[in-house]
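One-letter residues, chain by chain:
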Amino acid sequence: NSGPRPSRYGGAYTTSSRWGMTLAYTYGKARGTGGDLFSLDYVNVDAYPKHRTQFDERHRIVVSGIVGLPWDMNFSTLLTLGTGRGFTIINGDFFGPGLSQVLLYTGSQSGTFPYQSWDLQLQKDFLFGPARFGLRASVFNVTNHMNVDPGSIDGFIPKNGTNANFGTGNAL
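Please read all numbers here as calculations on a predicted model, not as lab measurements.

Trainee: Outline the overall build of the protein chain, listing residues and values.
Mentor: A tally of helices and strands in the protein chain yields zero helices and ten strands. For the protein chain, the residues scored as buried account for 23% of the 172 residues in total. Pairs at least 24 apart in sequence give 53% of the contacts found in the protein chain among residues at least 6 apart. Surface exposure of the protein chain reaches about 12,800 Å², of which carbon and sulfur atoms provide 59%.

Trainee: So what about the sheet that holds strand S5 (residues 73–82)? Which residues, and what values?
Mentor: One open sheet holds the five strands; their spatial order is S1-S4-S5-S8-S9, and the pairing between them is antiparallel. Sheet topology places strand S1 (19–27) and strand S9 (131–139) at the edges, where each strand pairs with a single neighbour. This sheet shows a mean twist of 15 degrees between the axes of neighbouring strands, independent of strand direction.

Trainee: Mind laying out the pattern of salt bridges, listing which residues take part and the relevant values?
Mentor: Pairing between side chains of opposite charge can happen when their charged atoms approach one another. In total, this model carries three salt bridges according to the counting rule given. Between Arg58 and Asp56 there is a salt bridge, with its nearest N and O atoms 2.7 Å apart. Owing to a relative accessible area of 22%, Arg58 belongs among the partly exposed residues under this scheme. Since its relative accessible area comes to 2%, Asp56 is described here as buried. Here Arg60 ties to Glu57 by a salt bridge, and the two come within 2.6 Å at their closest N and O atoms. Judged by its relative accessible area of 15%, Glu57 is buried.

Trainee: Before we move on, can you summarise the side chain of Thr80 with the specific residues and values?
Mentor: With respect to the helices and strands, the residue Thr80 is situated in strand S5. Judged by its relative accessible area of 10%, Thr80 is buried. Discounting residues that sit within four places of it in the chain, Thr80 has contacts with Arg60, Ile61, Val62, Tyr115, Gln116 and Ser117.

Trainee: Before we move on, can you summarise the packing of aromatic side chains with the specific residues and values?
Mentor: Applying the stated rule across the entire model yields one aromatic pair. Relative to Phe133, the ring of Phe126 has its centre 5.5 Å away and its plane inclined at 25 degrees; by these criteria the two rings are stacked. The lysine or arginine in question, Arg60, covers the ring of Tyr115, its NZ or CZ lying 4.8 Å from the ring centre. Positioned above the aromatic ring of Phe126, the side-chain terminus of Lys124 is 5.4 Å from the ring centre.

Trainee: Which residues make up a nonpolar patch on the surface, and what values do they have?
Mentor: Together, Trp19, Met21, Val67, Phe75 and Leu122 give the surface a local cluster of nonpolar side chains, amounting to about 480 Å² of exposed area. With a relative accessible area of 56%, Met21 lands in the exposed category.

About the criteria used
- Residues numbered from 1 in each chain as written.
- Predicted model: local features only at pLDDT ≥ 70, side-chain atom pairs only at ≥ 80, totals over all residues.
- Heavy atoms only, no water.
- Helix = DSSP H or I, 4+ residues; strand = E, 2+ residues; numbered from the N terminus.
- Buried < 20%, exposed > 50% of the residue type's maximum accessible area, 1.4 Å probe, protein only.
- Contact = heavy atoms within 4.5 Å.
- Areas by Shrake-Rupley, 256 points an atom, 1.4 Å probe, with all protein chains shown as cover.
- Pairing = 2+ DSSP bridges.
- Axes fitted to C-alpha atoms, helices over the stretch in contact; angles between N-to-C directions.
- Salt bridge = Lys/Arg side-chain N within 4 Å of Asp/Glu carboxyl O.
- Phe/Tyr/Trp six-rings, centres within 6.5 Å; stacked < 30°, edge-to-face > 60°.
- Lys NZ or Arg CZ within 6 Å of the ring centre and 35° of its normal.
- Patch = residues over 30% accessible without salt bridge, like charges linked within 9 Å, V, L, I, M, F, W, Y side chains within 5 Å.

See the structure below:
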């Protein structure tokens, strides 16, 4: 089943309440074919096997909130939780001597939400004649969660052995 999917958005904003929040959930499922320089193993494009794509993240939740404070200041927060993108697995113990199976982006990062970011902001607006400008202090990734780049995750399975670093990444 392919083609455009319907989407809906609903929201409300009032200046009298001095607070607001949003909650967004995104489900994504992207499939692709090929993905390498020489995808010449099949008779035509329809015969290529489909696999998860590089930037496919199944579930993402984003929550934001803002509250007005005394002295015309605003405090806001943004929390993003994601199930993470897949990493490539290379199975060196699949076909035979010198041959490997490459499973593009099929590896899954561990944990319920491997991607986590919680940001905080405090802002004060100033009027300068007819213009308004703001001064903002921000703290990003308050929990200092390590969000690993899936391209840096070790997905190699050696022939007749184990890889102690399998599934671990080294780049943010």
